[in-house]
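So the chains spell out like this:
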Amino acid sequence: MKHEELLSEAILKINTASEALIKYYRVLEDRISRLTEEVDQKKRLLSSIIDSIDIAVVFFDRDGVIKLINRAGENLFNVKAEDIIGQKKLPIKIKDDLIYPANSTKPFYSIVSQSDVLDSEGDKIGYVFLCKDITRIKELEAENERNRRLTAMGSLVMKIAHEIRNPLGSIELFANMISEDLKESIHGDYARRISSSVRMLRNTLENMLSFTRGINPKKTSVCINELIEEIIKEFQELFSRVGIEVCNRIKDRFVIYLDSSLIRQALINLIVNAYQAMPDGGTITIDAHRDGEFIKLIIKDTGQGIDSEIVEKIFDPFFSTKDRGTGLGLSITNSIISAHGGRIEVKSKIGKGTEFAVYLPVR
């Protein structure tokens, strides 16, 4: 009887202990679950942070095997994480401060660094490779240096251009007077050529002055038809000598509010551009019509045309396809049209010619 009581007591204690262990196990299980969820959240947060930064991050383990690459690394090196993880080498070539991805033909400027990764006891478990694309910074530095030089040149150009413009005006005046006096002789033809060349040179100077001093239109009511007729008459002698025909197809009369001298300069730049594109002669067609709230003025030539790869660059300052070009003419033209609230569009094909469409607001 006594043994049975002892056995019952032992079984009771075992059951009590077992229930306590079960409760404790459940508490531990709940804590482990919460800790696991917390760890997962931190891992997801860390992963999100690494993927959100614009610096390429690549982690190599102690054996030099890639274990992690973030989204910026995938984009910069033109790779996918599933293809690169497990490899021992990134598909890139580093030369000075340029990185050449194997899967891309376009290199980029970068800052790179490499750091060891240590565990809690200070033992090395791998290293991390960091790469920052600084191509845009390099471009801004180059642009800043260019602007600094342009600013320094600006005042000098202004002084030189002003000094040259006045004598050129006198040369053109006297050349015109000589050509009138000697109309029927070869010397009169020489004088007309001098006058045309001086006119072209004066236009170049006007472009330089406009570029350095900025553009501030002083608008008045101007008849576009009369302005274009004046320009055509001014260049008629030069064009006829090189076999260029000017076809004016404007039928309606257009009077709009603009800066006559600036628009004149812009149109001359476009016509000179057409003239230079036709060294063996050709046709310049000028037309205009109403297009909504704009007057659309078209200047089209039958010249050499412009390569599609450089069409978007022709309005950039100092960009020129000509050996002796300043690269300012079309840039100034674009600035003048923009200053009037308009825009300019271009269509061109090699061997087929170029068409410039100038949109000037009616109001």
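Here, the structure is the one placed above.
None of the values given here were measured: they were computed from a predicted structure. Sequence positions are assigned chain by chain, starting from 1 and proceeding in written order. Whole-chain, interface and lining totals are the exception, using all residues; otherwise, since this is a predicted model, local features are given only for residues with pLDDT of at least 70 and side-chain atom pairs are given and counted only at 80 or more. To obtain the side-chain values, all non-hydrogen atoms of the structure were included, while hydrogens and water were left out.

1. Describing unusual backbone geometry
Within the chain, asparagine 78 stands out as a residue other than glycine whose phi angle is a positive 55°. The helix count covers DSSP runs of H or I at least four residues long, the strand count covers runs of E at least two residues long, and both are numbered beginning at the N terminus. Structurally, asparagine 78 is set in the loop between helix 2 (71-77) and helix 3 (81-84). Look at asparagine 78 and you get partly exposed, because its relative accessible area is 40%. Positive phi is not limited to glycine here, since aspartate 96 has a value of about 55°. With respect to the helices and strands, aspartate 96 occurs in the loop between strand 3 (92-95) and strand 4 (98-101). Buried residues are those whose accessible area, probed at 1.4 Å on protein chains only, stays under 20% of the maximum for their type, while exposed residues exceed 50% and partly exposed ones sit between those limits.

2. Some details on helix 6 (residues 224-242)
Here the expected span of a helix is defined as 1.5 Å times the quantity of residues minus one. Taking 1.5 Å per residue as the helical rise, helix 6 with its 19 residues ought to reach 27 Å, and the 26 Å between its terminal C-alpha atoms agrees with that figure. Along its length, helix 6 shows its largest kink, about 50°, at glutamine 236. Taken as a whole, helix 6 has its buried residues at Ile224, Asn225, Leu227, Ile228, Ile231, Ile232, Phe235, Leu238 and Phe239. Here the bend at a residue is taken as the angle between two axes, fitted respectively to the seven residues that end there and the seven that start there.

3. Focus: the nonpolar core
Grouping buried Ala, Val, Leu, Ile, Met, Phe, Trp, Tyr and Cys residues that are joined through side-chain atoms within 4.5 Å yields what is termed a nonpolar core. Grouped together as the largest cluster of nonpolar side chains are 46 residues, with contacts concentrated most on Ile284 and Ile286. The leading source of residues in this core is helix 7 (residues 260-276), at 9 residues. In this structure, isoleucine 284 is in contact with Phe239, Ile244, Glu245, Val246, Cys247, Ile271, Ala274, Tyr275, Met278, Ile299 and Lys300, ignoring residues within four places of it in sequence. One finds Ala56, Ile69, Leu76 and Cys131 within the second-largest nonpolar core, a separate group that totals 17 residues. Contacts were defined at the residue level, with two residues in contact if any of their heavy atoms lie within 4.5 Å.

4. Overview of the sheet that holds strand 3
Backbone hydrogen bonds are what pair the strands of a sheet, in a parallel or an antiparallel way. Each pair of strands is called paired provided DSSP finds at least two bridges between the two strands. Here we have 6 strands laid out as an open sheet, ordered 2-1-6-5-4-3, and antiparallel in their pairing. Every other strand in the sheet has two partners, leaving strand 2 (66-69) and strand 3 as the edge strands with one partner each. Strand after strand, the sheet turns through a mean of 35° between neighbouring axes, direction not considered. Direction of pairing for strand 1 (residues 55-61) relative to strand 2: antiparallel, over a ladder of 3 bridges. When the sheet's bridge partners are listed, valine 58 is paired in strand 2 with isoleucine 69. A fitted line through C-alpha atoms serves as each axis, taken over the contacting stretch for helices, and the angle formed by two N-to-C directions is quoted from 0 to 180°.

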